[in-house]
Amino acid sequence: MLLGKKIFRDCPTPDIECCECQWSNSCQEVTFQAILSDCKSFYYVYCWLDQESKMPVNNGNQEQFDEKIDQYIKKLAAQPNLMIPKCTNGAFAVELAMKFLYAREHKSYDNIHNLKDLFQHLPEIHKDELLDRIKMQAHQTEETIEAQLPFFSDAFVRSRYFFEHGSFGLSGLFEPFVKIVCEYALEFDEPDESEVIE
């Protein structure tokens, strides 16, 4: 069991313990949906930054590829480096995804940013599913996942304050980890009124 459980903010009955409050379930549902909504937003920005900074791929037409590379180099020269904001958004999105998955089963979440700790303490139903997906989609084993998680477990803090750490790096698992965990959590999302197409 993890310590430091987060209590829910803006409680309509602050003098009553959550377990005794008639509003407990609806407060928790609103909080869980807010966590998932924030995850979705940060993941969207992460994906946009990823596309914006992605290097062109050669599709076999060398002339087209050379032209795309020239455009890419000009674009990179004209814009700021997007790697740090991309990492920060990805790390925060995956942190929120795991907090949502944890809270969904345990009705609370931990106030930590360490991705390895969050992953290790996920409820088995979610952890097992994610391990299967990571193994299949990212071509990893449990051992390689375990070995690589420490390289980016503090990515949210280190990418935000990279200038305080001297150096900052990630493993090759970071990007697929963000994608797989966020997209899994977002499978539990229900569209709100602004997303419903009639």
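What you see is a predicted model; the values in this text were computed from it and never measured.

1. Let's talk about the nonpolar core
- Counting residues in each nonpolar core, the largest one holds 40 residues, and the members touching the most others are M98, F119 and F177.
- Elements with a minimum of two residues in this core: α1 (24–53), α3 (83–106), α4 (115–120), α5 (124–137), α6 (142–152), α7 (155–160) and α9 (174–186).
- It is α3 that contributes the most residues to this core, ten residues altogether.

2. Concerning a negative patch on the surface
- A cluster of acidic side chains, namely E63, D66, E67 and D70, defines a negative patch on the protein surface.
- As for its position among the elements, D70 is in helix α2 (residues 62–78).

3. Thoughts on the pattern of salt bridges
- Scanning the entire structure with this criterion turns up twelve salt bridges.
- Taking the shortest distance from any N to any O, the salt bridge between D50 and K86 comes out at 2.8 Å. With a gap of 36 residues between them, D50 in helix α1 and K86 in helix α3 connect regions that are remote in the sequence. Side by side, D50 and K86 carry an identical accessibility label, which is buried.
- Residue E52 pairs with K75 through a salt bridge whose shortest N-O separation is 3.9 Å. On the criterion of sequence distance, the pair formed by E52 in helix α1 and K75 in helix α2 is long-range, its members being 23 residues apart.
- Under the relative-accessibility criterion, K75 is labelled partly exposed at 32%.
- Taken together, the shared-partner salt bridges in this structure form one network comprising D50, K54, K86 and E175.

4. So, a nonpolar patch on the surface
- Together, Y44, V45 and W48 give the surface a local cluster of nonpolar side chains, amounting to about 350 Å² of exposed area.
- Summarising the element assignment, Y44 is placed in helix α1.
- On the basis of relative accessibility, which here comes to 60%, the residue Y44 falls in the exposed class.

5. So, the confidence of the model for the protein chain
- On average, residues of the protein chain carry a pLDDT of 83, and 79% of them reach 70 or more.
- In this model residues 1–6 is a low-confidence stretch, pLDDT under 50, and it forms 14 contacts with partners more than four residues away in sequence or in other chains.

6. Some thoughts on the environment of D38
- Along the chain, the position of D38 falls in helix α1.
- According to the relative accessible area criterion, D38 is partly exposed, its value standing at 38%.
- Note: C-alpha distance between D38 and F92 (54 residues apart in sequence) is 9.2 Å.

7. Regarding α6
- Listed as buried for α6 are I145, Q148, L149 and F152. Summarising the axial view, the buried residues of α6 lie within an arc of 120°, below the 170-degree limit, and thus occupy one face. Residues of α6 that are exposed and point more than 90 degrees away from the buried face comprise E143 and F151.
- Those residues of α6 that are buried are in contact with α4, α5, α7 and α9.

Scoring rules and cut-offs
Residues numbered from 1 in each chain as written. Predicted model: local features only at pLDDT ≥ 70, side-chain atom pairs only at ≥ 80, totals over all residues. Heavy atoms only, no water. Core = buried A, V, L, I, M, F, W, Y, C linked by side-chain atoms within 4.5 Å. Buried < 20%, exposed > 50% of the residue type's maximum accessible area, 1.4 Å probe, protein only. Helix = DSSP H or I, 4+ residues; strand = E, 2+ residues; numbered from the N terminus. Patch = residues over 30% accessible without salt bridge, like charges linked within 9 Å, V, L, I, M, F, W, Y side chains within 5 Å. Areas by Shrake-Rupley, 256 points an atom, 1.4 Å probe, with all protein chains shown as cover. Salt bridge = Lys/Arg side-chain N within 4 Å of Asp/Glu carboxyl O. Lys, Arg positive; Asp, Glu negative; His and termini not counted. Charge placed at Lys NZ, Arg CZ, Asp CG, Glu CD. pLDDT = per-residue confidence, 0-100. Contact = heavy atoms within 4.5 Å. Arc of directions from axis to C-beta.

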